[in-house]
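# Examination of the molecular architecture
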Amino acid sequence: MKVVRRIAELHAGAGIVGLVPTMGGLHAGHQALIAAARAECDTVVVSVFVNAAQFDDDSDLAAYPRDEARDVELAAAVGADVVFAPSAAEMYPPGYQTWVEVEELSRGLEGEHRPGHFRGVATVCLKLFNIVRPQFAYFGQKDAQQVAVIRRLVGDLNLDLTVRSITTVRDPDGLALSSRNVRLSAEERALALALPRALATRDADAARVLLAGLDVDYVELADFDPPVLAAAVRVGSTRLIDNVILEEER
Ligand code: AMP
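Quick look at the structure, then. (Residues numbered from 1 in each chain as written. Predicted model: local features only at pLDDT ≥ 70, side-chain atom pairs only at ≥ 80, totals over all residues. Heavy atoms only, no water.)

Looking at where Asp71 falls in the secondary structure, it is placed in helix H3 (residues 68-77). Taking the C-alpha atoms as reference, Asp71 lies 22 Å from Gln146; in sequence the two are 75 residues apart. Within polar-contact distance, the side chain of Asp71 engages the backbone nitrogen of Gly25 at 3.2 Å. Polar side-chain contacts of Asp71 include one of 2.9 Å to the backbone nitrogen of Leu26. (Helix = DSSP H or I, 4+ residues; strand = E, 2+ residues; numbered from the N terminus. Polar contact = N/O pair within 3.5 Å; in protein donor to acceptor, adjacent residues only side chain to side chain.)

What follows is the structure, encoded as structure tokens:
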């Protein structure tokens, strides 16, 4: 497996190319995306780039876990061919000034609580699609609004690639894996379990009751494809999001 830092050194992958965009801090959720790519692509590229443009909170960006050696190991373990880990200057050189906005879908939920977040996400994903030229790109259903935004971006801009959405990977206690979970103390982690428990009711009102003790940003039904019950909470200084798919097997 190769680690590539420069766009110019990222040569066209052989055959069908799959891209798994990540911000590092890899865990079994990211590995599920990489494994899905491995199963249907000839060349699997995992990008590891902490995209400052999608952070609205400087302390969240500063505290974001960064361990490239571990990321490289975990990506290699599930069969990635290339880890693309560019610097910020490689992605946003001096003078950079072009941004993509998926307007309506970026407004509610995460967009409302993290202004500019999806503009940063859409822009970096479009850049990564142009740099890596994948036929398939893999995203986690855990970030359901992100999947909706990226699907819209791909459709609206006629990008020649297929977006795959992969089921959320959870710890045995139900907590969705997240790079930010490493910041939770044991007590915070216990409190955070209210999030998957609340969502498991698949009922917004019941979920709100179960989340009453926490600092809740939102609990809302979202009419994505498929529809989800989505929530975001703050536990200590850590913000967690999760969702469950509704009415799938109707
Ligand atoms: P991130 O590095 O957090 O930006 O996530 C990179 C990709 O991994 C995104 O498409 C996420 O939706 C996905 N992802 C994050 N956590 C999980 C999880 N627990 N299960 C499945 N996919 C995930």
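In terms of residue burial, strand S5 (residues 136-140) counts as a mostly covered element, since 5 of its 5 residues are buried. Neither face of S5 is left uncovered, since the one carrying Phe136, Tyr138 and Gly140 and the one carrying Ala137 and Phe139 both have all their residues buried. Note that strand S2 (residues 17-22) and S5 share 2 bridges and pair parallel. From the neighbouring strand, Leu19 faces S5, where its bridge partner is Ala137. The pairing of S5 with strand S6 (residues 162-166) spans 5 bridges and is parallel. Bridge pairing in S6 links Phe139 to Ser165. (Buried < 20%, exposed > 50% of the residue type's maximum accessible area, 1.4 Å probe, protein only. Pairing = 2+ DSSP bridges.)

For Gln141, the location among the structural elements is in the loop between S5 and helix H7 (144-156). Gln141 sits in the buried class, given a relative accessible area of 9%. A C-alpha to C-alpha distance of 28 Å links Gln141 and Leu10, two positions 131 residues apart in sequence. Ignoring sequence-local partners within four residues, the contact set of Gln141 consists of Ser165, Ile166, Thr167, Thr168, Val228, Asn243 and Ile245. At 3.0 Å, the side chain of Gln141 and the side chain of Ser165 are in polar contact. (Contact = heavy atoms within 4.5 Å.)

This next bit is on helix H6 (residues 117-132). Compared with an ideal rise of 1.5 Å per residue, which puts 16 residues at 22 Å, H6 spans 22 Å between its outermost C-alpha atoms and is within 8% of the ideal. At the exit of H6 stands Arg133, carrying a positive phi of roughly 55°. (Expected span 1.5 Å × (residues − 1).)

Should their charged atoms come close, side chains of opposite charge can pair. Within this structure, the stated rule accounts for 17 salt bridges. Linking Asp56 and Arg114 is a salt bridge whose minimum nitrogen-to-oxygen distance equals 3.2 Å. Separated by 58 residues along the polypeptide, Asp56 in the loop between strand S3 (43-48) and helix H2 (58-63) and Arg114 in the loop between helix H5 (109-113) and H6 bring together distant segments of the chain. On the basis of relative accessible area, Asp56 is assigned to the partly exposed category, the value being 38%. The shortest N-O distance in the salt bridge between Asp60 and Arg183 comes to 2.7 Å. With Asp60 in helix H2 and Arg183 in the loop between S6 and helix H8 (186-192), this pair connects stretches of sequence that are 123 residues apart. (Salt bridge = Lys/Arg side-chain N within 4 Å of Asp/Glu carboxyl O.)

Burial of S2 is extensive: 6 of the 6 residues sit out of reach of the surface. Taking every second residue as pointing to the same face, both faces of S2 are buried, with Val17, Leu19 and Pro21 on one and Gly18, Val20 and Thr22 on the other. When S2 meets S3, the two strands line up parallel, connected through 6 bridges. By the bridge assignment for S3, Pro21 is matched with Ser47. Taken together, S2, helix H1 (residues 28-40) and S3 form a β-α-β motif whose crossover is right-handed. (Right-handed = clockwise from strand over helix to strand, strands pointing away.)

What follows deals with the packing of aromatic side chains. The full count for this structure, using the stated rule, is 6 aromatic pairs. Relative to Trp99, the ring of Tyr96 has its centre 5.4 Å away and its plane inclined at 75°; by these criteria the two rings are edge-to-face. Judged by its relative accessible area of 32%, Trp99 is partly exposed. Here the aromatic residues Phe49, Tyr92, Tyr96 and Trp99 are joined through ring pairs into a cluster of three or more. Its end group placed over the ring of Tyr92, Lys127 keeps NZ or CZ at 5.8 Å from the ring centre. (Phe/Tyr/Trp six-rings, centres within 6.5 Å; stacked < 30°, edge-to-face > 60°. Lys NZ or Arg CZ within 6 Å of the ring centre and 35° of its normal.)

Another aspect to go through is the site of the ligand. Close to the ligand lie 18 residues; Met23, Gly140, Asp143, Val169 and Leu177 are nearest. At 2.9 Å, a backbone N or O of Leu177 approaches a nitrogen atom of the ligand. Within the complex, 93% of the 490 Å² of free accessible area of the ligand lies under protein. At the level of secondary structure, the elements contributing two or more residues to the shell around the ligand comprise S2, H1 and S5. (Near = heavy atom within 4 Å. Areas by Shrake-Rupley, 256 points an atom, 1.4 Å probe, with all protein chains shown as cover.)

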